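Observations on chain architecture
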Amino acid sequence: MFQPKKKRPRIRKTMSGLIALTLLSSLILPNVAGAEPEEPSQVQFANVSVQAGQTVHVPVALKKSHFGVKAYNMQIDYDTSALEIVRITPKSVNVMSTSPNEEGVADFQYKINDAEGWVRIIWVDFTGGDHSIVDETQLFDMEIKAKSNATPGTKQLSVDQTDSEHWYFTNVEHQSYTELSGGTITITAANSGGGNSGSPGSSSGGGSTVTSPVVSPVPSTPAVTKGVDIYVNGQKQEQSATATTSTVNNQVTTTVHVDNAKVINQIGSGLRTLLLPITGTGKGAVVGELNGKLVKTMEGSNAEVVIQTDSGTYTLPANQIQVDQILNQFGSTVPLEDITIQIAIVPSATSKQTAIQAAADKLENTTVIAAPIDFEVKAIWNGQQVNVDRFNSYVERSITLPEGVDGSKITTGVVLQPDGSLLHVPTKVIKGNVQDSAIINSLTNSTYALIYHPATFSDVTSHWSRDDVQDLASRLIVQGTGENVFAPDRSITRAEFTAVLLRGLGLHSPRSTEAASFTDVKTGSWYEDEVQTAVSYGLISGYADDSFRPNSEISRAEALTIVSRAMKLVGLAQADASETTSLLSTYSDSAKVQAWAAEPVASAIKQELVQGADGKLMTDADISRAQSAAIVKRLLAKAGLI
């Protein structure tokens, strides 16, 4: 991401991608003079596991090379009965381009043929070695899907290394003998139960998925039930709930059953907060149970339910449960009081803990600080289950840090994705008398963990953006352009700015299944998912000619227009018509602000996201990487998300 433009050899605009691949191949296949190295270079495909029907990322890395690689060509073969390639994302190239254009040949290109089961990847350093790839570098990432009907077992990604058109590496000094390792994909049976935060919801707003039937595990210890106190609007309600504790699969679980009718009668229409404080359970799971009628009553009062445990707290507005949507899935005639709503805080399974640690190990300088936790909301009726996993607004949950753990050693919370990767979620740390807590705001339910990922860049040490850039980098929101380099004053493209904003907001997948349609957003491009997600949240709309122009530099006016739409999502007030005129008038170039950008720019000024320079807004100027980082950080801070 964030790569400089390079001047490339010209190629006809009408040339197909496959022809361009052939041309690139001819550029790297001729004989190269020079002695062979004493030891071969090494390329490694990651070994991964994936459930049938799910996707997984397979990093491909250069692990060892005596000289910088200036070009490579490989064709990877795979079993089409079980696997398909979703996309290829370059990681170490100088220009992220995947197809030829009018100006020349892309540095990096690939061609996927899922019918025959191969993908061909080619990269060339057209600078003649100035930007060769060095040791311990990820070359690219393969996103691979295990087909839903795939048989559990192992599949091998293979390369015919005896054929130079299928496997060829060229170093700055000589043709390189290169060894390949890894590439085993272990396919496991599909998980038939539960939803995940990576699946789009069934509506344009919050989302829920149905699984059936519900299988109730058998406790391994006798259940113990006792009366507990809950709080309504801060007032203790004695004996208005019971707590049942049992052990299932070595997991101690406490389930709090609220006396729904009693609570409804006590609070009438004045309910604001229903607190279920369940302490003394240690690392055990806690589940709060209400029925649909109580939740509907709370929804009408704009109330929230709070589950408070030793390991964390879940604060859930009742209207985000969306009882009416749940009722539609069960059947509109089902009595609300017969629907059980479960709100749970559960220590993550060992398999998830292992996956999070593995993902952290792949990131540089990253430590997992606290054991991951699952936050879940389920509705159950007559053996059927609806998982509520998407919300219309940010929902707050907290993770309590272990005693003795300093909150300053948390850089961000992360969410575990279905493919095993870790992505940022808006997080802030709250100091406590005994234990600190990390407050996470998210639009989904999922598995969350806390990490320490300090990041620094040599070229921002004395730059005005240092604190903003390094803070966002430590949160996995922005990345460098090279080893320890950020390039703060370089301009940023429309696709890159969109990706940074989405990462900052913690938006990692579309909120609906409706596809975005832009003529210039190519299938398989690195920004395809980002564009789809941004469109689904109403952040971008493109141009009148149905283009998005992802690789064009974005102006300050365009960037602030996208940010102003994000302001609605995070609940920040925008400027009205009268405020717009007043706010813009203090700048000497206010007359140059385009009409379509006036209100968004004024809104950014109102929320102190931008200040201008030398009394000017310069809305037509390109926005820089540093400015983008500063604006995104101010947006998140102003909204109270970090």
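The structure displayed is predicted, hence computed values, not measured ones.

Looking now at the overall build of the protein chain. Per the secondary structure count, the protein chain includes twelve helices and 29 strands. Burial statistics for the protein chain: of 642 residues in total, 51% are counted as buried. In the protein chain, 76% of the contacts between residues at least 6 apart in sequence involve partners at least 24 apart. For the protein chain, the accessible surface area stands at approximately 27,900 Å², while carbon and sulfur atoms represent 47% of it.

Turning next to the nonpolar core. Formed by 62 residues in total, the largest nonpolar core has its most connected members in Tyr394, Leu505, Leu507, Leu539, Val601 and Leu635. Looking at this core, the elements that each hand over two or more residues are α6 (466-474), α7 (494-505), α8 (528-536), α9 (556-570), α11 (595-606) and α12 (625-638). Among the elements that make up this core, the one with the highest residue count is α9 (nine residues). With residues up to four places along the chain from it excluded, the contact list for Tyr394 reads Pro426, Asn441, Ser442, Leu443, Leu505, Leu507, Leu569, Val570 and Leu641. Counting 53 residues, the second largest nonpolar core, distinct from the first, contains Tyr314, Val323, Leu327 and Ile341.

Quick look at the packing of aromatic side chains now. Evaluation of the coordinates by the stated rule reveals ten aromatic pairs. Their ring planes at 50 degrees and their centres at 5.1 Å tell us that Trp167 and Phe169 sit as a pair that is tilted. Here Phe169 falls in the buried class, since its relative accessible area comes to 2%. Between Trp526 and Tyr527, the ring centres sit 5.5 Å apart and the planes meet at 80 degrees, which makes this aromatic pair edge-to-face. The pair formed by Trp526 and Tyr527 is uniform in burial state, with each residue classed as buried. Following the ring pairs from residue to residue traces out a cluster consisting of Tyr72, Trp123, Phe140, Trp167 and Phe169. Here Arg397 stacks its cationic end above the ring of Phe375, 5.4 Å away from the centre of that ring.

Of the strand pairs in this sheet, strand β22 (residues 340-347) and strand β23 (residues 367-381) are connected by eight bridges, and their pairing is antiparallel. Paired with Pro347 across the two strands is Ile373, which belongs to β23. For β23 and strand β29 (residues 447-452), the ladder comprises five bridges, and the chain directions are antiparallel. Bridge pairing in β29 places Val368 opposite Ile451.

Let us now look at the sheet that holds strand β9 (residues 153-156). Across the sheet, three strands lie side by side as β2-β13-β9; this open sheet has mixed pairing. Of all strands in the sheet, those bounded by a partner on one side alone are β2 (48-51) and β9. If you compare each strand with its neighbour and ignore which way they point, the axes differ by 30 degrees on average. One ladder, built from four bridges, connects β9 with strand β13 (residues 184-188); its direction is antiparallel.

Its place among the elements puts His453 in the loop between β29 and α6. Among the polar contacts made by the side chain of His453, one reaches the main-chain carbonyl oxygen of Glu364 at a distance of 3.1 Å. Within the local environment of His453, its side chain forms a polar contact with the side chain of Thr366, the two groups lying 2.7 Å apart. For His453, the contacting residues outside a window of four places in its chain are Glu364, Asn365, Thr366, Thr411, Ala473, Ser474 and Leu476.

Moving on, we get to α12. Here α12 contains 14 residues, and its C-alpha end-to-end distance of 20 Å stays within 8% of the 20 Å for a straight helix at 1.5 Å per residue. Among all positions of α12, only Arg625, Ala626, Ser628, Ala629, Ala630, Ile631, Val632, Leu635 and Leu636 are buried. In the core, the buried residues of α12 are packed alongside α6, α7 and α9. Gly640, located one to two residues past α12, shows a positive phi value of around 75 degrees.

The next point concerns unusual backbone geometry. The backbone phi angle of Asn365 is positive, close to 55 degrees, even though this residue is not glycine. For Asn365, a relative accessible area of 53% corresponds to the exposed category.

Under the definition given, this model contains 18 salt bridges. The partner of Arg87 in a salt bridge is Glu528, with the nearest N and O atoms 3.2 Å apart. Placement of the pair is Arg87 in strand β5 (residues 83-90) and Glu528 in helix α8, with a sequence separation of 441 residues. Judged by its relative accessible area of 8%, Arg87 is buried. For Asp406, the salt bridge goes to Lys431, with nearest N and O atoms at 3.4 Å. Of this pair, Asp406 sits in the loop between β24 (384-400) and β25 (412-416) while Lys431 sits in the loop between β27 (427-430) and β28 (437-444), placing them 25 residues apart in sequence. Taking the relative accessible area as the measure of exposure, Asp406 reaches 34% and is therefore partly exposed.

Once that is clear, we can look at the pairing of β25. Of all the five residues making up β25, five are buried; the element is thus mostly covered by neighbouring parts of the structure. On β25, burial covers both faces: Thr412, Val414 and Leu416 on one face and Gly413 and Val415 on the other are all buried. In the sheet, β25 pairs with β29 via four bridges, with the strands oriented antiparallel. When the bridges of β29 are listed, Thr412 appears paired with Ile451. Looking at chain direction, β25 and strand β26 (residues 422-425) are connected through four bridges and run antiparallel. Bridged to Val415 within β26 is Leu423. Remark: five residues form the turn of the hairpin made by β25 and β26, two consecutive strands paired antiparallel; Gly420 in that turn has positive phi of roughly 90 degrees.

Turning our eyes to something else, we now look at the environment of Val258. As for its placement among the helices and strands, Val258 is situated in strand β17 (residues 251-258). For the pair Val258 and Gln239, spaced 19 residues apart in sequence, the C-alpha to C-alpha distance is 9.4 Å. Residue contacts for Val258: discarding those within four places in its chain leaves Ile230, Ser240, Ala241, Val263, Leu276, Glu289, Leu290 and Leu294.

Rules behind the numbers
Residues numbered from 1 in each chain as written. Predicted model: local features only at pLDDT ≥ 70, side-chain atom pairs only at ≥ 80, totals over all residues. Heavy atoms only, no water. Helix = DSSP H or I, 4+ residues; strand = E, 2+ residues; numbered from the N terminus. Buried < 20%, exposed > 50% of the residue type's maximum accessible area, 1.4 Å probe, protein only. Contact = heavy atoms within 4.5 Å. Areas by Shrake-Rupley, 256 points an atom, 1.4 Å probe, with all protein chains shown as cover. Core = buried A, V, L, I, M, F, W, Y, C linked by side-chain atoms within 4.5 Å. Phe/Tyr/Trp six-rings, centres within 6.5 Å; stacked < 30°, edge-to-face > 60°. Lys NZ or Arg CZ within 6 Å of the ring centre and 35° of its normal. Pairing = 2+ DSSP bridges. Axes fitted to C-alpha atoms, helices over the stretch in contact; angles between N-to-C directions. Polar contact = N/O pair within 3.5 Å; in protein donor to acceptor, adjacent residues only side chain to side chain. Expected span 1.5 Å × (residues − 1). Salt bridge = Lys/Arg side-chain N within 4 Å of Asp/Glu carboxyl O.

By themselves, these observations are geometric and do not establish any function.
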